[in-house]
Amino acid sequence: MSEPVPVTRSVDYGIAKLMPDVDRNRAWLLTVDGAPQSYVDLDEPSYLEFEYARRLGHVLDTVAEPGRALDALHLGGGALTLPRYLAATRPGSRQDVVEADRGLLELVEEHLPVPDGDGILLHAGDARAWLEAAPDDSADVLVADVFGGSRVPAHLTSIGYVRQAERVLRGSGVCLANLADAAPFAFLRSQLATYASLFEELVLIAEPGVLRGRRFGNAVLVASHHPLDTAALARLTASDAFPARVEHGPGLRDFIGGARPVRDEDAVPSPEPPDGAFSIG
């Protein structure tokens, strides 16, 4: 059998590269313009390599009883790491994946195809436009992992966007967002304030060094209308290979401070990461 070889292709929003992992058979890293986007192991789709993906996985593990199928909407596709994870851990789930980069979707479909019958449907389109056209109360889980380059696009940061997410989720639904920021956390605080204006329950999961302002990094925001299993989340994230902290309740309200919800006309992308923050090699 021939060894897997890297694949490089110009896609709609940059230069995409698929690089095989020499340590894991049939595992691949996807980068776009040098920034890591996804890691997938085709033989073990429940394996999550990136820290933020592991935290999203922990949330998906706790939103319902183990193994229960969910209706999920993923905004941002990459190499379909989380959809594959959900299909493996919650068989029978129905999942829609919306990715703005059609060329990237075609690359992934060609080289890292999803097995037939996994219940994953791929759609090329703008995340917010798709969300605005989606029916009410149609999703159990909404996972937003959308980065234009290394920044969350402005139109996915406002109260207008969050209102659409809240509309599409069922009453028992959970919204997850992968965000990125650094001290003094103007962007992250404003996002928490925006979600808090529509959802009763919020949780923030991040590496302690990020929350202490020591470095730029990812933070997973979780929002719902019902209490989340923060005890289970805290156990999972604390025992992970990349330990993280779970913030909620009064501590999170203190963190938000005087931040205000973001209006569409005031929305800005997440901050530009410093050089090397998300690069590899």
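For the structure itself, look to the data block above.
Here the residue numbers are simple positions, counted from 1 along each chain's written sequence. Selection of residues for local features in this predicted model requires a pLDDT of at least 70, selection of side-chain atom pairs for listing and counting requires 80 or more, and totals for whole chains, interfaces and linings are taken over all residues. Heavy atoms throughout the structure, all of them, feed into the side-chain values; hydrogens and water do not.

Even after reading the chapter, I still don't get the pattern of salt bridges, so can you show me in this structure?
Opposite charge on two side chains allows them to pair when their charged atoms are near. In the sections that follow, a salt bridge refers to a side-chain nitrogen of Lys or Arg positioned within 4 Å of a carboxyl oxygen of Asp or Glu. Inspection of every chain in the model, using the stated rule, returns 18 salt bridges. Between glutamate 132 and arginine 128 there is a salt bridge; the shortest N-O distance is 2.9 Å. A residue pair is termed a helical-turn pair when its members lie 3 or 4 positions apart in one helix, as glutamate 132 and arginine 128 do in helix H4 (residues 127–133) at four residues. In this scheme, a residue with accessible area under 20% of its type's maximum is buried, one over 50% is exposed, and one in between is partly exposed, where area comes from a 1.4 Å probe on protein chains only. Relative accessible area serves as the criterion here: at 41%, glutamate 132 is assigned to the partly exposed category. Linking arginine 170 and aspartate 140 is a salt bridge whose minimum nitrogen-to-oxygen distance equals 3.0 Å. Only runs of H or I of at least four residues qualify as helices and only runs of E of at least two qualify as strands under DSSP, and these elements are numbered from the N terminus.

Looking at this structure, how should I read the sheet that holds strand S3 (residues 27–32)?
Working definition: the strands of a sheet are paired by backbone hydrogen bonds and lie parallel or antiparallel to each other. Two strands qualify as a pair provided DSSP detects at least 2 bridges between them. Here we have four strands laid out as an open sheet, ordered S1-S2-S3-S4, and antiparallel in their pairing. The open sheet has two edge strands, strand S1 (7–11) and strand S4 (35–41), and neither has a second partner. Sheet twist, expressed as the average angle between the axes of neighbouring strands with direction ignored, equals 20 degrees. Whenever a helix is involved, its axis is fitted only over the stretch in contact; in every case the axis is a line through C-alpha atoms, and angles between N-to-C directions fall within 0 to 180 degrees.

How do you make sense of unusual backbone geometry when you look at a structure like this?
Only a minority of non-glycine residues have a phi that is not negative, and only a minority of peptide bonds are not trans. Alanine 183 connects to proline 184 through a cis peptide bond whose omega is 10 degrees. Looking at the element boundaries, proline 184 is found in the loop between strand S9 (169–181) and helix H6 (186–196). For aspartate 33, which is not a glycine, the phi torsion comes out positive at approximately 55 degrees. Looking at the secondary structure, you find aspartate 33 in the loop between S3 and S4. A positive phi angle is found at phenylalanine 185, which is not glycine, with a value near 65 degrees.

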